[in-house]
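# Observations on the model geometry
Chain by chain, the residues run as shown.
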Amino acid sequence: MKKKKYIVLVVALLSLLGCNYEFPEEPEPKPDDLGNLNLEKVLAFGDGYMAGVMDGALYSEGQQNSLASIINLQFAVLDGQEFLQPDINSENGYNLYSQQGGGIRGKWIYRFQNNTAESPALILSNGDPVGAYPGDKNSLNDLSVPGLKANDLDGSDLEFNPFYSRSFDFGGANIVDQISAKNPSFILCWLGMNDFLEYAIGGGTQGNLLSSIEDFENNYTRLIEELVNNTSADIILPNLISFRDLPYFYLRQWNFIRLSNLDKAFAQATYSDYNIAVRAYNVGKPYNEWRPQISFEDNGATLYPQSLVVVDEDLPDATYSDGSPLEKYRQLTEKEMALLSVTDEMVEQGWGWRIPLPEQYYLKESAIIKLESSRNVFNVILFELAEKYPDRITFVDLAQEVKRIADTGKFDSWGQPVSDKTFYEDGVPLEGGLDMNSIFSLDGIHFNQRGNAFLANKVLRGINTNYQAKVPLANVNGYIGNVYSY
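So, here's what we can say about the structure. (Residues numbered from 1 in each chain as written. Predicted model: local features only at pLDDT ≥ 70, side-chain atom pairs only at ≥ 80, totals over all residues. Heavy atoms only, no water.)

The subject of this paragraph is the overall build of the chain. Each helix and strand counted, the chain has 14 helices and 17 strands in total. Relative to its length of 486 residues, the chain is compact, with a C-alpha radius of gyration of 25 Å against a globular reference of 23 Å. Overall, the C-alpha framework of the chain stretches about 80 × 55 × 40 Å when taken along its three principal axes. Residue burial in the chain is summarised as follows: out of 486 residues, 52% are buried. Long-range pairs, those at least 24 residues apart, make up 74% of the contacts in the chain between residues at least 6 apart in sequence. Accessible area of the chain: about 22900 Å², with a carbon and sulfur share of 50%. Of the charged side chains in the chain, 38 are positive and 65 negative, and the gap between their average positions amounts to 5 Å. (Helix = DSSP H or I, 4+ residues; strand = E, 2+ residues; numbered from the N terminus. Rg over C-alpha atoms; globule rule 2.2 N^0.38 Å. Buried < 20%, exposed > 50% of the residue type's maximum accessible area, 1.4 Å probe, protein only. Contact = heavy atoms within 4.5 Å. Areas by Shrake-Rupley, 256 points an atom, 1.4 Å probe, with all protein chains shown as cover. Lys, Arg positive; Asp, Glu negative; His and termini not counted. Charge placed at Lys NZ, Arg CZ, Asp CG, Glu CD.)

Right, dumping it as structure tokens:
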């Protein structure tokens, strides 16, 4: 209750101060502020990161505050061009990650459940189906498609993506040809996150979700070279952010569970027969071939962080003394990751200690290595494409910008922060958790309004440098982070 009072007080003070503070006047734009920019026909192309997916869904307010929208709002200060998006026309939108149960699910929201709650709960709102775009697709500037991969550029596997047909036509010309036909003068292109991220979100359990390096290179090279050869557009090409720097992968430590002495004793007893069978299996085998036992740390004055119990199908087959199959259980190690999909409600029900977590709820060390290796090579491919066409492509390092903010939200299982730095832009604190000042939205994967404004400024600085332009930066103070409701 005190926390809510403090929030209300802070908001009231900020409102009072906002009434008295006079922001400096923006200088009047001049004709030469555009530098070498040709903004006659701006197109944005990419996946949900460009389209404005927030809080797990594509919804109107997120779309209106997308990375593409914010950048073009700043362009409009100088050239006044309209930027048309395929408006989803939905308050809560359609959730890309959670459609279980009856009805259609929309965005996640923070909501206090009652007047005595000290912190808000994450609630899944009611959503809307994704309908056809009623306007003229030929007039669209934003061609971003949530869920799109570089490997989808031929359009052959997009019939199951409800967002694709809102911007592109099936049959006939492929995606790249349809973009080229619009004769763009400037392209914001950010694509490739889903080529490794879908695999990571699912715990590395579906190998087909991770694009091969060969396919990624072939498809991305074809995209860029056809745009370079078939249009006169300059291209902005950001790199790909590490999954390690997204809250979905770092807010849950591998050993985040705390157990009371009673629960710990119950959990240990649960695996008593299992451990006996494991010890029997290990007899006479080299140490590196042993199956691990399940054990929990003793509590002291503070409850000890316990590593999660999981299912690992890669463990060797073994049996109990009666010949029945021995389950493939073990505990996570410090080189592995629990995912944000492990909810507090699941832990209360016993998942991760009394009931082993299935493989889709964590990332093995081998999957982590594979993911980082793939992303690193993908980024090299993007960088080399930019170097090949230096007069047409501007490479922007967004990954490093996101990492420094993400580190402020990373803690070990004892609550010790990874970074003690604080970052501000326009007087606004930027944080890496999922609280009010975070740059990340409530899905822990995409950015919120504030995060998009922060990234937009990084892109705009690169544009201003490379094109001798003076596009004004976005006022990050004018974009919200994560909000609480009642």
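To continue, consider the sheet that holds strand β4 (residues 105-111). Each strand in a sheet pairs with its neighbour through backbone hydrogen bonds, running either in the same direction (parallel) or in the opposite one (antiparallel). Taken in spatial order, the three strands line up as β5-β4-β17 in an open sheet, and their pairing is mixed. The two strands at the open ends of the sheet, each matched to only one other strand, are β5 (121-126) and β17 (484-485). Note that β4 and β17 share two bridges and pair parallel. From the neighbouring strand, Tyr110 faces β17, where its bridge partner is Tyr484. (Pairing = 2+ DSSP bridges.)

This part is about the side chain of Asn194. Topologically, Asn194 is positioned in helix α6 (residues 194-201). Side-chain polar atoms of Asn194 contact the backbone oxygen of Leu148, separated by 3.1 Å. (Polar contact = N/O pair within 3.5 Å; in protein donor to acceptor, adjacent residues only side chain to side chain.)

Two elements in contact, helix α4 (residues 67-79) and helix α14 (residues 449-466), have axes separated by 8 Å at closest approach and are oriented at 50°. Here α4 lies oblique to α14, going by the angle between them. Judged by the twist between their axes, the crossing of α4 over α14 is right-handed. Here Leu67, Ile70, Ile71, Gln74 and Phe75 of α4 come into contact with α14, specifically with Gln449, Asn452, Ala453, Leu455, Ala456, Val459, Leu460 and Ile463. Of the residues that constitute the contact of α4 with α14, the class distribution is ten nonpolar, three polar and no charged. (Axes fitted to C-alpha atoms, helices over the stretch in contact; angles between N-to-C directions. Parallel < 35°, antiparallel > 145°, perpendicular 65-115°, else oblique. Left-handed = near helix turned anticlockwise from the far one by under 90°. Nonpolar A, V, L, I, M, F, W, Y, C, P; charged D, E, K, R; others polar.)

None of this, on its own, says anything about what the molecule does.
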